[in-house]
Amino acid sequence: MMTYHKEKGDACMAAEHVNTVELVGVLHFVKGKQYDENRGGRYYRFSLRQDSVDVRGNSRCDYIVVRAFDQELKDWIQQQQEGTLIRLTGEIRSSVGSGAMYVLATTLEQAQ
């Protein structure tokens, strides 16, 4: 059910809103600029690689971009090795400037 938020006047500010993801993938450190900053603060950018099969049965490799703003999460991810199996929870977001989709990490841990 979508509830209109009267104060903001924006349907995006719904009272009932679910935007939680849980992902498991292989840690991949992106090339180039890993730290950046936006109005939310300074963040660390990395990705999770997920190997899967597409609708035609072909192997494919997806790199899901993740941003970590929390200092503990930034410190933890930088202590991990490339290729470590990671489990994360977070929210799907889009960049205000480019509209590019990413996952905003809220928890990170090694997956078993």
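Residues numbered from 1 in each chain as written. Predicted model: local features only at pLDDT ≥ 70, side-chain atom pairs only at ≥ 80, totals over all residues. Heavy atoms only, no water.

Colleague: Teacher, can you tell me more about the overall build of the chain here?
Modeller: Counting secondary structure elements, the chain contains one helix and six strands. Along the chain direction, N to C, the helices and strands of the chain fall in the order β-β-β-β-α-β-β. The proportion of buried residues among the 112 residues of the chain is 29%. Restricting the contact set of the chain to residue pairs at least 6 apart, pairs at least 24 apart contribute 50%. Total accessible area on the chain stands at roughly 7,800 Å², and carbon and sulfur atoms take up 48% of it. (Helix = DSSP H or I, 4+ residues; strand = E, 2+ residues; numbered from the N terminus. Buried < 20%, exposed > 50% of the residue type's maximum accessible area, 1.4 Å probe, protein only. Contact = heavy atoms within 4.5 Å. Areas by Shrake-Rupley, 256 points an atom, 1.4 Å probe, with all protein chains shown as cover.)

Colleague: Would you take a moment to explain the pairing of strand β5 (residues 85-94) for this structure?
Modeller: Sheet faces and side chains relate simply in a regular strand, where the side chains alternate between the two faces. Sheet topology places strand β1 (residues 21-28) next to β5; six bridges connect them, and they run antiparallel. Paired with L23 across the strands is L88, a residue of β5. As judged from the nine bridges shared by β5 and strand β6 (residues 101-110), these two strands associate in the antiparallel manner. Note that in β6 the partner of R93 across the bridge is Y102. (Pairing = 2+ DSSP bridges.)

Colleague: How do you make sense of the pattern of salt bridges when you look at a structure like this?
Modeller: Pairing between side chains becomes possible if they bear opposite charge and their charged atoms approach one another. Taken as a whole and judged by the stated rule, the model has five salt bridges. The closest approach of N and O atoms between R60 and D62, which form a salt bridge, is 2.3 Å. Here R87 and E109 are joined by a salt bridge, their closest N and O atoms 3.6 Å apart. Of this pair, R87 sits in strand β5 while E109 sits in strand β6, and the two are 22 residues apart along the sequence. A single salt-bridge network, built from bridges that share partners, covers E22, R87 and E109. (Salt bridge = Lys/Arg side-chain N within 4 Å of Asp/Glu carboxyl O.)

Colleague: Help me understand the nonpolar core, please; the structure alone is not making it clear to me.
Modeller: Nonpolar side chains in soluble globular proteins tend to end up buried together. Grouped together as the largest cluster of nonpolar side chains are 16 residues, with contacts concentrated most on F46, V66, I77, L88 and L108. If you list the elements that add at least two residues to this core, you get β1, β3 (41-53), β4 (59-68), α1 (71-78), β5 and β6. (Core = buried A, V, L, I, M, F, W, Y, C linked by side-chain atoms within 4.5 Å.)

Colleague: Even after reading the chapter, I still don't get the pairing of β3, so can you show me in this structure?
Modeller: Sheet topology note: the β1/β3 ladder contains three bridges and is antiparallel. Bridging from a neighbouring strand, H28 pairs with S47 of β3. Bridge count for strand β2 (residues 35-38) against β3 is four bridges, and the pairing is antiparallel. Its bridge partner lying in β3, N38 is registered against G41. The antiparallel hairpin formed by β2 and β3 contains two residues in its connecting segment.

Colleague: Explain the confidence of the model for the chain to me, please; I cannot follow it from the model alone.
Modeller: Low pLDDT marks stretches whose predicted atomic positions should not be read closely. In this model, the chain carries an average pLDDT of 85, and 86% of its residues clear a pLDDT of 70 or more. For the chain, the element scoring lowest by mean pLDDT is β2, at 76; β1 scores highest, at 96. Confidence drops under pLDDT 50 across residues 1-6; counting only partners more than four residues distant or on other chains, this segment forms eleven contacts. (pLDDT = per-residue confidence, 0-100.)

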